[in-house]
Every structure is written in C-alpha cells, then in structure tokens.
Amino acid sequence: MRSIVFIQNGDFREAFKRFADGGAETYRDQKKSVDFVAALAPKARVTTVAFGPKAYRTELAPNLWAVGLRRDGLRSSGIARVFDDTAPSHIVLRTPHLGFLRETQKRKIWLLPVFADIFVRKGVRTALQNFTVRRALQRSRSPCVSNHSLNASRSLVSALGVPSEKVVPWDWSRVPLAGACKAGVADPASPTAFFAGAMTEAKGVGDCLEAIAELRKGGVNFSMAFAGPGDLRHWEKVAETLGIWDQVRFLGMISNADVRREMHRHDFVIVPSRHSYAEGLPNTIYEGLASRSVLIISDHPAFVGRLKPGEECLMYPAANPKALAQCLKQATEDRELYKRVSENSERAHDGLYIGLEWSALVETFLDDPENRSGWVERNSLKSSMS
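Small disclaimer: the values here were computed from a predicted structure and weren't measured. (Residues numbered from 1 in each chain as written. Predicted model: local features only at pLDDT ≥ 70, side-chain atom pairs only at ≥ 80, totals over all residues. Heavy atoms only, no water.)

Colleague: Explain the environment of Arg 372 to me, please; I cannot follow it from the model alone.
Modeller: When you line up the elements, Arg 372 lands in the loop between α14 (358–367) and α15 (375–378). In the structure, Arg 372 is positioned 229 residues away from Pro 143 in sequence and 9.8 Å away in space, judged by C-alpha atoms. (Helix = DSSP H or I, 4+ residues; strand = E, 2+ residues; numbered from the N terminus.)

Written out as structure tokens, the structure reads:
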C-alpha cells in the first residue's frame, strides 16, 4: 500500500473535524482540498503533517492520520522520525521547508513540491537561501516544481533557476461572480472598504489604518472592515491611537462565504501586502474581482503584471498609506473610473487562471510520478507561455 504524506502549514486536523461537524470553510476550496486528501485514504495510508504550536498524532479515519509538529525547535532528528513513522512512498510538500526537502532527497522518495510562495533575488542571505533550496530541488526525485499562479511560477525560474519546462503552475477552482458590475460608490459621503487575511503588518493592515486616518484628515469619512486571524486587540489600540476607532471594525475569523458577501457589500476590496510577505497570488484578489467591487492592490511582486492598473484594478506602492488613501479618494470621486474598473473585473478575473487545479495536479503526480505520459511538459510554464 502506498504511503502519501502531505507537509503543510495549515492545520488539516482542525479543518477535517470542523467540516465533519458541519462547519464552514475559511478560505476558498478548503473543504474541496480536505475532502480530496481524505478520499485518498481508502487505497493508501495518508498522513498530513502540519506546523503549529502543539505536537500531536491523531487517526482521523481509517488510514488517515494527522501529525502536528512544533515549528520552534524542529530538528533534523524530528523530521527523520516523521519519515520513519510514516514510511512514505510519495511526499507532497506544500511549503519550501529545507529540512523536509533534504530528508526526502536523502531517502529518494517521490516528491511533488507544490508551493504558494514567491522567490526573490535580493541580498546575499536570500541568494544563499535560494541556492540551497535550488540544489535540494535539483537533487530530489521530483518530476517538476509547482507554484501558485503566474508570477510565483516565474520566480522559480528567475530566482531559483528551475527550467521553465520543469515548472508547473497550479490554481484553485474558479470563483463565481457576485453579480453585475457597479456604477460607483454606493454613498460617496460614506465610502467603505474591506480587507481579508492575516492581521499582520506585513499583510498591510497598518497601512490600511493609516490610509483611513489620512482620509479623515482630508474630510473623507471612510469606514473599513477587517476579517482574519491575529492580535485584534493590538489593531484596536492602533485605531484608537490614530483616532479612527469609530470608522473600523475587526471581525476576526469569518467563513469564506461571509468574506465574499462582505466584499460585495463594500465599495472597495484592498489587498495591501508588503513586499516582505511571501505569497503567490492570494485568493482575495480572485474573490475581490469576482465581487465586482473595485479592487485596490499593492505593487507586490506577485501582483505586478497580472492586472492592468486603472482598468482592472487600482495599484499603489506597497507600504505607502498616503498613496493608498489617494487611490481610495480618486475612485470615490471619479465615478467613471470606478465603473470602468468594476466593468472590467469579470475579464480580469477570468484571465488570472493558469495551470492545473490543485487536486488535479496532485492526482496526476500520484498516478504518474515518473512523468511517463509527458504531463509535466504539457502543463509547464514554458508550454503555457508559448
């Protein structure tokens, strides 16, 4: 019997139990991916390994195991123990963790690296990290290296030196559109914006709050809602310090269905990631476009070139709250601009998808890890760009 091990950041155990109890998904395709992994178990031993604050080992169903590893203090001996316990025949590595890469390489196990991270060429330290990851990938028993969407896939070539014919982009399933385009801000006297994601500085939460404060100074009464995990009390204090406590709401974790409803209900959806935040192309960009509200994004390397500023979105320099405030003010006052961007959101949304859907990619790898059918070349970055 095959032994398939998924290594990831997300807590599979928590999500599996939540769905079993009838709970909602917190991001797009979460339930679909959990169901896909669970459905592999009858014909294989399946183990998900997640990084988190606690260590655990739980059998969720026959042949389906969840293992938790404490990220702090994780040593090579602990990684080796996971391999000893699971005896994997196939590894699906969803995060570029060097320790697991090296152990997989050492044991000559079939590997599918399937990331959602953008790699950059910046500084000596980063260059050394890239070199180390590249060497581990080159020596691994892997038919390809996969990354989420276009720019992150391109970064495998530019930063890591992976040949474009060995890079396979992946994506989630398509987001249904929320309805018709919008003609303008619902109430120009009280415009609204929405953010969904991790409540951190690197994700741009502080930049949004400062932009709202900047608009208030100029007499624009903007309100904004934030959804996502993090230290909400910290951001409440920041809002109080900025004098905008009555203009912002912190919702905490809400379901993905609620996120999409909130996006459609607000005038703007903001994706303000700073360059320091490593990501592919976040779900919030797809969902923001599908909401038909005007999408405002930073110039994060994963975003640049995917959408046309002024036509399909508004874009501003990351970590620049004043520039973000100006984008919000401009689109609030210029109804033609707002309407044009909203009208073009359907085309922009449809144009983002590239590569294999995640579950199809994993299934194809498991069926043909040696690439005898040529699936890598057919779905490669080189093929998609030719």
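From this point, the discussion proceeds with the structure in view.
Colleague: What exactly am I supposed to notice about the packing of helix α2 (residues 30–39) against α14 here?
Modeller: Axes are the key here: two packed helices are described by the angle between their axes and the distance separating the axes. Two elements in contact, α2 and α14, have axes whose closest approach is 10 Å; the angle formed by their N-to-C orientations is 20°. Compared by their axis directions, α2 and α14 come out roughly parallel. In the crossing of α2 with α14, the sense of the turn from one axis to the other is right-handed. Counting all contacts with α2, which are made through Ser 33, Phe 36 and Val 37, the residues of α14 involved are Trp 358, Ser 359, Val 362 and Glu 363. In the contact of α2 with α14, the residues fall into 4 nonpolar, 2 polar and 1 charged. (Axes fitted to C-alpha atoms, helices over the stretch in contact; angles between N-to-C directions. Parallel < 35°, antiparallel > 145°, perpendicular 65-115°, else oblique. Left-handed = near helix turned anticlockwise from the far one by under 90°. Contact = heavy atoms within 4.5 Å. Nonpolar A, V, L, I, M, F, W, Y, C, P; charged D, E, K, R; others polar.)

Colleague: What am I meant to see in the sheet that holds strand β2 (residues 44–52) here?
Modeller: Each strand in a sheet pairs with its neighbour through backbone hydrogen bonds, running either in the same direction (parallel) or in the opposite one (antiparallel). Spatially, the 9 strands line up as an open sheet ordered β3-β4-β2-β1-β5-β6-β7-β8-β15, and their pairing is mixed. With one partner strand each, in any of the chains shown, β3 (56–61) and β15 (356–357) form the two edges of the open sheet. Both strand β1 (residues 2–8) and β2 contribute to a ladder of 7 bridges, which runs parallel. From the neighbouring strand, Ile 7 faces β2, where its bridge partner is Val 49. (Pairing = 2+ DSSP bridges.)

Colleague: I'm lost on helix α1 (residues 12–20) in this one. Help?
Modeller: Among all positions of α1, only Phe 12, Ala 15, Phe 16, Arg 18 and Phe 19 are buried. Angularly, the buried residues of α1 cover 165° about the axis, an arc narrow enough to put them on a single face. Of the surrounding secondary structure, the elements contacted by the buried residues of α1 are β1, α2, β2, β3 and β4 (64–70). One side-chain oxygen at the N-terminal end of α1 lies 3.2 Å from the backbone nitrogen of Arg 13; it belongs to Asp 11. Of the residues flanking the end of α1, it is Gly 22, one or two places downstream, whose phi is positive at about 85°. (Buried < 20%, exposed > 50% of the residue type's maximum accessible area, 1.4 Å probe, protein only. Arc of directions from axis to C-beta. Polar contact = N/O pair within 3.5 Å; in protein donor to acceptor, adjacent residues only side chain to side chain.)

Colleague: It is not clear to me how the pattern of salt bridges should be interpreted in this structure. Could you clarify?
Modeller: Pairing is possible between side chains that carry opposite charge, provided their charged atoms lie close to one another. By the definition in use, this model includes 19 salt bridges. Here Arg 174 ties to Asp 350 by a salt bridge, and the two come within 3.7 Å at their closest N and O atoms. Placement of Arg 174 in the loop between β8 (167–171) and β9 (192–196) and of Asp 350 in helix α13 (residues 345–352) is noted, with a sequence separation of 176 residues between them. For Asp 350, a relative accessible area of 38% gives the class partly exposed. (Salt bridge = Lys/Arg side-chain N within 4 Å of Asp/Glu carboxyl O.)

None of the figures reported here should be taken as evidence of function without further support.
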